[in-house]
Amino acid sequence: MGLITLSEVKPGLKLGSDVQTLRGNVLLQKGKVILPKDMEVLRAFMIQQVDIEQERMASSSTATKGASVSAGSSANDKSGERAGKTGNVTTAPVVTSLQDEYEKMVGLTKNAFLSSLAAELPVYELRTQLEAVFAHLKQYNVLTFSPRVMQEHDYVYHHAVLSAITSYQLAQWIDLPSKDWMQVAFAGLFHDIGNNKVDPQILHKPSTLTATEQEEIRQHTKYGYQILKQAKAINEGARLAALQHHEKVDGSGYPLQLSGTQIHIYAKIVAIADIFHAMTLEKIYRKAQSPYLVLEQIQSEAFGKLDPAIVRVFVQRSTQIHNGIRVKLSNNQIGEIVFSDRDHPPTRPMVSVEGTIINLMQQRQLHIQEVIG
């Protein structure tokens, strides 16, 4: 079909090439099947022509052939069924999802953490289950993934597993060698394990902590390093992440007031994952925050607190494929992300609400309050 004018475009056609704005930003990607909502976007950006995939022209002419082939296949299937009754029975492989493997990982992590003060960490067992989780990594979207079931007192274990997954993904995004990826995942998984040695009444205290209690909380970094020193198959980088994930690049963190290159790369990665999931997970005494607001806060922390290069990659990559995500705005309107301009913060995309395009970069009084799915 090739190039056609916008007036000729109909829902169901497939794009033969990317649709770009006048500034060269990709609006809709090649291969996307056009939906009614996409028509609104094309009109909003005053797109004149689009390239449609050639094969769509032939689809109607092959429909009749497809029907006859289908009928023939049906007959063959029935004869195959009869033959199958006398042949060997084959069992379909068990198919698991990211959520299935994630839940197994949370359970395993909970058992490991609860016994960590009295028994050796089952690192090899944890690694095997992490590998099962990472086999489904393509299903993981840090902005939209949410546990199916979360008991309020299991926050610690969900936070650990989510920090492990996000740290692993971030290590890939910043091009760390593949030999580091699993160790970075361990760093994310175990970064707060030192909390096991902190008084639970202080750890879960809903009111403001005293100076003494704050100091006790800060000891979890040292406790964690000590626990991990006894663990096998974990490298020094993962141990240092437990010790250093609250250090800041300007030297204002704890426990050692390290700065810049003194902080291990694993700790810099885990610090970002830790903050993101601590703020976007539901807690007993605090509601989950919007991932977009948290990304904006992480961006602000990049000035002197977090590693700016890693923050930049995290924000850009996590929002790279968010077109199509349904969101609730701060004025309670429900819409769908339709476009992000690479020249503006990706935390403030364009959102389509009942046919109207809202540019959050221009309407600063609004923000994305909640990701619906």
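Residues numbered from 1 in each chain as written. Predicted model: local features only at pLDDT ≥ 70, side-chain atom pairs only at ≥ 80, totals over all residues. Heavy atoms only, no water.

The number of helices and strands found in the protein chain is 14 helices and nine strands. Taking all 373 residues of the protein chain together, the buried fraction comes to 45%. Split by element, the accessible area of the protein chain, about 19,600 Å² in all, is 51% carbon and sulfur. (Helix = DSSP H or I, 4+ residues; strand = E, 2+ residues; numbered from the N terminus. Buried < 20%, exposed > 50% of the residue type's maximum accessible area, 1.4 Å probe, protein only. Areas by Shrake-Rupley, 256 points an atom, 1.4 Å probe, with all protein chains shown as cover.)

On to the packing of helix H12 (residues 265-280) against helix H13 (residues 291-301). Direction vectors running N to C along H12 and H13 enclose 145°, while the axes themselves pass 10 Å from each other. The handedness of the crossing between H12 and H13 is right-handed. For the pair H12 and H13, the contacting residues are Ile272, Ile275, Phe276, Met279 and Thr280 in the first and Pro291, Val294, Leu295, Gln297 and Ile298 in the second. Within the contact of H12 with H13, the residues separate by chemical class into eight nonpolar, two polar and no charged. (Axes fitted to C-alpha atoms, helices over the stretch in contact; angles between N-to-C directions. Left-handed = near helix turned anticlockwise from the far one by under 90°. Contact = heavy atoms within 4.5 Å. Nonpolar A, V, L, I, M, F, W, Y, C, P; charged D, E, K, R; others polar.)

Within this structure, the stated rule accounts for 14 salt bridges. Salt-bridge contacts for Lys32 lead to Asp38; the nearest nitrogen and oxygen are separated by 3.4 Å. Residue classification places Lys32 among the partly exposed positions, given a relative accessible area of 26%. For Asp38, a relative accessible area of 5% translates into the label buried. One salt bridge connects Lys104 with Glu101, and the closest N-O pair in it is separated by 3.8 Å. Linking Lys104 with Glu101, this pair stays in helix H4 (residues 98-114), spanning three residues, or about one helical turn. Overall, the relative accessible area of 46% leaves Lys104 in the partly exposed class. When salt bridges that share partners are traced, they join Asp100, Glu103 and Arg148 into one network. (Salt bridge = Lys/Arg side-chain N within 4 Å of Asp/Glu carboxyl O.)

Looking now at the side chain of Lys268. Topologically, Lys268 is positioned in helix H12. A polar contact is formed between the side chain of Lys268 and the side chain of Asp307, at a distance of 3.5 Å. Other than its neighbours up to four places away in sequence, Lys268 contacts Gly260, Thr261, Ile263, Asp307 and Ile310. (Polar contact = N/O pair within 3.5 Å; in protein donor to acceptor, adjacent residues only side chain to side chain.)

What follows concerns the confidence of the model for the protein chain. On average, residues of the protein chain score 86 in pLDDT, and 87% of them are at 70 or above. This stretch, residues 56-87, has a pLDDT under 50; its non-local contacts, to residues over four places away or in other chains, come to four contacts. (pLDDT = per-residue confidence, 0-100.)

A few words now on H12. Given a rise of 1.5 Å per residue, 16 residues ought to cover 22 Å, and the 23 Å separating the end C-alpha atoms of H12 matches this to within 8%. With 15 of 16 residues buried, H12 is to be regarded as a mostly interior element. (Expected span 1.5 Å × (residues − 1).)

In this fold, Leu189 is placed in helix H7 (residues 178-190). Judged by relative accessible area, Leu189 falls into the buried class, the value being 0%. Residues Leu189 and Ile165 lie 24 residues apart in sequence; the distance between their C-alpha atoms is 8.3 Å. Those residues within four positions of Leu189 in sequence are excluded, and the remaining contacts are Met105, Thr109, Phe113, Leu126, Leu130, Ala160, Val161 and Ala164.

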